[in-house]
Amino acid sequence: MDDFRTQKLYQSFPTIYRERLMTLTQSEMPRGFQCGNGWYEIICGVSANLEVIARKQDDDDNKIAVAEVRAAGNNLIFRLNNNSLPHPAVEKFISSAQQRCQYTCEICGYSPAFLRNDEVVKNKVCCDRCTKAKKKTARRPGRLGRKDHSSPPEVLTKTRRS
């Protein structure tokens, strides 16, 4: 996810994303959200629900804290800190977000999208439009736009006629 959206999530939900300030040996959250921008709305929704629950919890040391958010194929990995107190609604919110991610394009957020795994889109949920766009812009190995790779391209120069 890009820096703008990452910072927006951190600022909107400071209680659950407080582990962003830890070191990488303590949490994965300093890496940010390791998924595409297309899942932003889904992550924002589950974050809003978790933030409400976390703010109502009394024990500061055991409040809900998100330790990792990343994509793994068509799965959203949304891992909480081990110290987080269990809450009946938390698993429901996370599970719902994970189900939505299975059919939502990780690039643009369009649904329906499907898990793609080919030479251009590697193990990612992607809609047809984004898949076509990626294939169109992908460079094929060995092709630089000229036929002969042994010599540099010809330089066209204008000559002045007398």
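Here is what the cut-offs are and how they apply
- Residues numbered from 1 in each chain as written.
- Predicted model: local features only at pLDDT ≥ 70, side-chain atom pairs only at ≥ 80, totals over all residues.
- Heavy atoms only, no water.
- Helix = DSSP H or I, 4+ residues; strand = E, 2+ residues; numbered from the N terminus.
- Buried < 20%, exposed > 50% of the residue type's maximum accessible area, 1.4 Å probe, protein only.
- Contact = heavy atoms within 4.5 Å.
- Areas by Shrake-Rupley, 256 points an atom, 1.4 Å probe, with all protein chains shown as cover.
- pLDDT = per-residue confidence, 0-100.
- Phe/Tyr/Trp six-rings, centres within 6.5 Å; stacked < 30°, edge-to-face > 60°.
- Core = buried A, V, L, I, M, F, W, Y, C linked by side-chain atoms within 4.5 Å.
- Pairing = 2+ DSSP bridges.
- Right-handed = clockwise from strand over helix to strand, strands pointing away.

Enquirer: Just checking my understanding: could you explain the overall build of the protein chain for this structure?
Expert: What the protein chain contains, in helices and strands, is four helices and five strands. Put simply, the protein chain runs from its N terminus to its C terminus through helices and strands in the order α-β-α-β-β-α-β-β-α. With 162 residues in all, the protein chain has 35% of them scored as buried. Partitioning the intrachain contacts of the protein chain with sequence separation of at least 6 by distance along the chain shows that 53% fall at a separation of at least 24. Accessible area of the protein chain: about 11000 Å², with a carbon and sulfur share of 48%.

Enquirer: I tried to follow the confidence of the model for the protein chain on my own but got confused; where do I start?
Expert: Detailed conclusions should not be drawn from predicted coordinates in areas where pLDDT is low. Looking at the protein chain as a whole, its pLDDT mean stands at 85, while 85% of the residues score no less than 70. Mean pLDDT per element in the protein chain: helix α4 (residues 128-137) is the minimum at 89, and helix α1 (residues 3-12) is the maximum at 96. Throughout residues 145-151 the model reports pLDDT below 50, and contacts reaching past four residues in sequence, or to other chains, amount to four contacts.

Enquirer: Help me understand the packing of aromatic side chains, please; the structure alone is not making it clear to me.
Expert: Given two aromatic rings, one states the distance between the centres and the angle between the planes to describe the pair. Applying the stated criterion across every chain yields a total of three aromatic pairs. With a centroid separation of 5.6 Å and 40° between ring planes, the pair formed by Tyr10 and Phe33 is classed as tilted. You can see Tyr10 sitting in helix α1 and its partner Phe33 sitting in strand β1 (residues 33-34), a full 23 residues away along the chain. Relative accessible area serves as the criterion here: at 7%, Tyr10 is assigned to the buried category. Classification of Phe33 by relative accessible area gives buried; the value is 3%. One aromatic cluster is present, built from ring pairs that chain together Tyr10, Tyr17 and Phe33.

Enquirer: Help me understand the nonpolar core in this model?
Expert: Generally speaking, a soluble globular protein has its nonpolar side chains buried in company with each other. Tyr17, Phe33, Ile43, Val69 and Phe78 are the most contacted members of the largest nonpolar core, which has 35 residues in total. Of all the elements in the fold, those that place two or more residues in this core are α1, α2 (40-56), β2 (66-72), β3 (75-80), α3 (88-101) and β5 (124-126). With eight residues, α2 is the single largest residue contributor to this core.

Enquirer: I'm lost on the pairing of β2 in this one. Help?
Expert: Here β1 runs beside β2; their pairing, made up of two bridges, is parallel. Within the sheet, the bridge partner assigned to Phe33 lies in β2 and is Val69. In the classification by handedness, the crossover that spans β1, the intervening α2 and the parallel β2 is left-handed. Here six bridges tie β2 to β3, and the two strands are oriented antiparallel to one another. From the neighbouring strand, Ala72 faces β3, where its bridge partner is Asn75. Hairpin connection between β2 and β3: a loop of two residues separates the two successive antiparallel strands, and Gly73 in this loop has a positive phi of roughly 70°.

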